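Here is what each chain is made of, one letter per residue.
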Amino acid sequence: MFARTFPALTCPVCRERLEADGGGRRLVCPAGHSFDAARQGYFNFLTGKGTVFEADAADMVAARFDFLSAGHYRPLADAVAGLAAPFLAAPGAAVLDAGTGTGHYLRALLDRVPAAAVGLDISKFALRRAARLNPEAVSIVADVWQRLPLADDAVDVVSVVFAPRNAAEFARVLRPGGRLVVVTPRPGHLAEVAALTGMLGIEPAKEERLAAALSGHFRAAGDHELDLTLGLAPADVANLALMGPAGHHLDRAELAARTAALPARTDVAARFRISVFAPLEPPVPAAAE
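Residues numbered from 1 in each chain as written. Predicted model: local features only at pLDDT ≥ 70, side-chain atom pairs only at ≥ 80, totals over all residues. Heavy atoms only, no water.

(A) The pairing of strand S9 (residues 174-185), seen in detail. Burial analysis of S9 places nine of its twelve residues in the buried class, the great majority of the element. As paired elements, strand S8 (residues 155-161) and S9 share six bridges and run parallel to each other. From the neighbouring strand, Val158 faces S9, where its bridge partner is Leu180. The parallel pair S8 and S9, bridged by helix H5 (residues 167-173), forms a crossover whose chirality is right-handed. (Buried < 20%, exposed > 50% of the residue type's maximum accessible area, 1.4 Å probe, protein only. Helix = DSSP H or I, 4+ residues; strand = E, 2+ residues; numbered from the N terminus. Pairing = 2+ DSSP bridges. Right-handed = clockwise from strand over helix to strand, strands pointing away.)

Shown next, in the form of structure tokens:
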């Protein structure tokens with residue numbers, strides 16, 4: 001299970017501070033709300049009606065796990081870890097990986113710096129794998145669009161790789177001086193196979209919309225581009241298509257037939273933008289006259 005040192009988690013029911021109990025197999029709050037770890041090691045914090053959003057299915061998660069385990073995006077994981085690590089060097093540093101998925105990007109960061117960590121995702125299928133990959137982190141099923149189960153000023157880094165961004169909540173849980181690290185695709189990303197496999201295209205002006213969505217809570221603090229040339233087998237291309245948002249609606253049989261017709265190796269360009277943001281400082285109160 002996770003390390004006994006972890007960020008300031010809060011109860012999703014009453015927002016009181018959670019503490020570990022039962023050898024790390026249970027989280028409890030002073031009001032008596034209790035959350036037991038699933039057999040695979042994650043905690044489910046979806047309460048009431050849960051969420052209206054569609055979580056990644058088991059086959060989508062399996063495709064992502066296989067693709068990332070093959071190392072195709074390892075340079076991206078290393079780049080994200082390199083940008084985040086300097087802000088996690090102090091004792092007691094903590095990171096939230098929002099939309100952690102199978103946990104591969106968080107794993108690369110924790111291999112570099114031993115920070116306390118929370119991996120959050122809406123898919124229980126993803127968290128089953130993430131909890132095994134990152135046993136020292138707290139893996140939580142939760143909706144990023146609801147209040148995050150963290151106290152104010154609880155973490156030093158929030159990382160978001162191809163996942164939704166709740167600017168107000170990220171700003172709330174980040175400590176002063178912390179950083180938000182966001183990965184988005186750039187125009188031309190996976191263009192060689194996108195149309196063939198039915199993957200969704202890159203939205204125009206995506207970078208401008210990202211900055212606008214965060215502008216009320218964050219300022220830009222760095223922008224980095226990373227280009228990779230991937231040599232992919234047909235099975236890799238199928239996994240690439242299935243592991244993303246298009247996987248929710250792709251016809252599996254048709255995808256298998258299309259990718260089976262590909263050559264033994266297809267060169268594909270992956271184009272990423274890694275954006276770093278700093279939380280805005282609160283305004284200084286006016287001096288009393």
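Next comes the rest of the description.
(B) Molecular detail of the packing of aromatic side chains. Enumeration according to the criterion identifies four aromatic pairs in this entry. Between Phe35 and Phe45 the ring centres are 4.9 Å apart and the planes differ by 50 degrees, which places this aromatic pair in the tilted class. Separated by ten residues along the polypeptide, Phe35 in strand S3 (residues 34-36) and Phe45 in the loop between strand S4 (43-44) and helix H1 (58-69) bring together distant segments of the chain. Here the two residues Phe35 and Phe45 agree in accessibility, since each one is buried. Taking 5.9 Å as the distance between ring centres and 50 degrees as the angle between the ring planes, the aromatic pair formed by Phe162 and Phe272 counts as tilted. In this pair, Phe162 is assigned in the loop between S8 and H5 and Phe272 in strand S11 (residues 266-279), connecting sequence segments 110 residues apart. (Phe/Tyr/Trp six-rings, centres within 6.5 Å; stacked < 30°, edge-to-face > 60°.)

(C) Up close: the sheet that holds S8. Strand order in the open sheet made by the eight strands is S4-S7-S6-S5-S8-S9-S11-S10, with mixed pairing throughout. With partners counted over all chains shown, the strands left at the sheet margins are S4 and strand S10 (218-232), one partner each. As paired elements, S10 and S11 share 14 bridges and run antiparallel to each other. When the bridges of S11 are listed, Thr229 appears paired with Ala269. In this fold helix H2 (residues 74-84) packs onto S8, S9, S10 and S11, with an angle of close to 15 degrees to the strand it touches most, S11. (Contact = heavy atoms within 4.5 Å. Axes fitted to C-alpha atoms, helices over the stretch in contact; angles between N-to-C directions.)

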